[in-house]
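# Report on the structure
Here is how the chains run, residue by residue.
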2 protein chains.
Amino acid sequence: MSLFDMQYVEKSQKMINKVYEMPGLKTCPIEATFSIIGKRWTVLILREMFRGVKQFNRFHENIEGMTSKMLSLRLRELERNKIISRKIISDHPVRVEYELTELGQKLGPLLLLAASFSMRQLPKVIFKDGKSRNPMELTARS
Amino acid sequence: MSLFDMQYVEKSQKMINKVYEMPGLKTCPIEATFSIIGKRWTVLILREMFRGVKQFNRFHENIEGMTSKMLSLRLRELERNKIISRKIISDHPVRVEYELTELGQKLGPLLLLAASFSMRQLPKVIFKDGKSRNPMELTARS
DNA sequence: CAGCATCCGAATAGATACTG
DNA sequence: CAGTATCTATTCGGATGCTG
């Protein structure tokens, strides 16, 4: 059963409703997550992180249109939110490496599902041949 | 196996990398999805949709701080992106109802996973008692 | 009820240059 | 290499009032 089968889609809707019936809820959990990853450039930086990029100038090269200022800003936000960590490598010359924290790594499934949504549901936007395909093995208990 | 178990988290990282090795890729799939849902207020409107809200003024009441202008703007964007549809009910007086399209409903698993991320990984932000809990039954094939 | 119009300030982001 | 500084342009969004 795929996560995009109607059977599971309906189930996820019911589960979303259950979330907001939970006692002791302080904040909207969807909003909380998007307050971390929802700003411009952030998911693209995370995408590069998941692809193994660690250095400032590599991010800058790989993400078209993003200025060093915005990169610097977003990296600091991610660091503040404990999604990434900044390591100074005492090499010659001194380098800096950014790494996903354990918390940051746990955003992987979410980013993968985001990718999967557009690959499955908007193939004309994503693929040159416009044909849907899916590299994932996400499933849902039925 | 939960989607946040390290075993699956590592797997999702590998799958993200595979996405960007796919031949015929035209756009970044993560970016494509976030260009639809990533703007301010949008996920909150979708949250209300999944909770069954259909009318303009209900959205306006339920989402604190959002002006009618922003609501109107975001509803039109969602409509343009085929996530919702606008139905005019010829009642007396005439009403308008917004509904999730089939495409829009398929965002359910993504929003649920976003909620699950913060409930599981940031319980102190989400719950009054600061204790992690998870209403979901998302699983990953191992 | 379901918006649109206008005005304005704030936040965001781009261009460009510069530094240890 | 890894940023910061400055300046400007644009977008976003809030306040308010209005309409059929």
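So, how was this worked out
- Residues numbered from 1 in each chain as written.
- Chains lettered and ligands numbered in written order.
- Predicted model: local features only at pLDDT ≥ 70, side-chain atom pairs only at ≥ 80, totals over all residues.
- Heavy atoms only, no water.
- Core = buried A, V, L, I, M, F, W, Y, C linked by side-chain atoms within 4.5 Å.
- Buried < 20%, exposed > 50% of the residue type's maximum accessible area, 1.4 Å probe, protein only.
- Contact = heavy atoms within 4.5 Å.
- Helix = DSSP H or I, 4+ residues; strand = E, 2+ residues; numbered from the N terminus.
- Polar contact = N/O pair within 3.5 Å; in protein donor to acceptor, adjacent residues only side chain to side chain.
- Least-squares fit on C-alpha atoms with pLDDT ≥ 70 in both.
- pLDDT = per-residue confidence, 0-100.

Counting 92 residues, the largest nonpolar core has Ile45(A), Ile83(A), Ile45(B) and Ile83(B) as the members making the most contacts within it. Not counting the four nearest positions on each side in its chain, Ile45(B) is found in contact with Phe59(B), Ile63(B), Met66(B), Leu71(B), Arg74(B), Leu75(B) and Leu78(B).

What follows is about the environment of Thr27(B). Note that Thr27(B) resides in the loop between helix H1 (6-19) and helix H2 (29-37). Judged by its relative accessible area of 31%, Thr27(B) is partly exposed. When sequence neighbours within four positions are dropped, the list of residues in contact with Thr27(B) reads Val125(A) and Ile126(A). In terms of polar contacts, Thr27(B) uses its side chain to reach the backbone carbonyl oxygen of Val125(A), at 3.0 Å.

Turning our eyes to something else, we now look at the relation of the copies chain B and chain A. Relative to chain A, chain B is turned by 180° and slid 0.0 Å along the rotation axis, the superposed coordinates differing by an RMSD of 0.0 Å. In the structure described here, the two chain copies are related by an operation that fits a two-fold rotation axis. A shared binding surface is used by both copies, with 100% of the interface residues of chain B retained as interface residues in chain A.

This part takes up the confidence of the model for chain A. Overall, the predicted model of chain A reaches an average pLDDT of 92, with 94% of residues at or above 70. The least confident element of chain A, judged by mean pLDDT, is strand S3 (residues 138-140) of chain A at 60; the most confident is helix H6 (residues 102-105) of chain A at 98.

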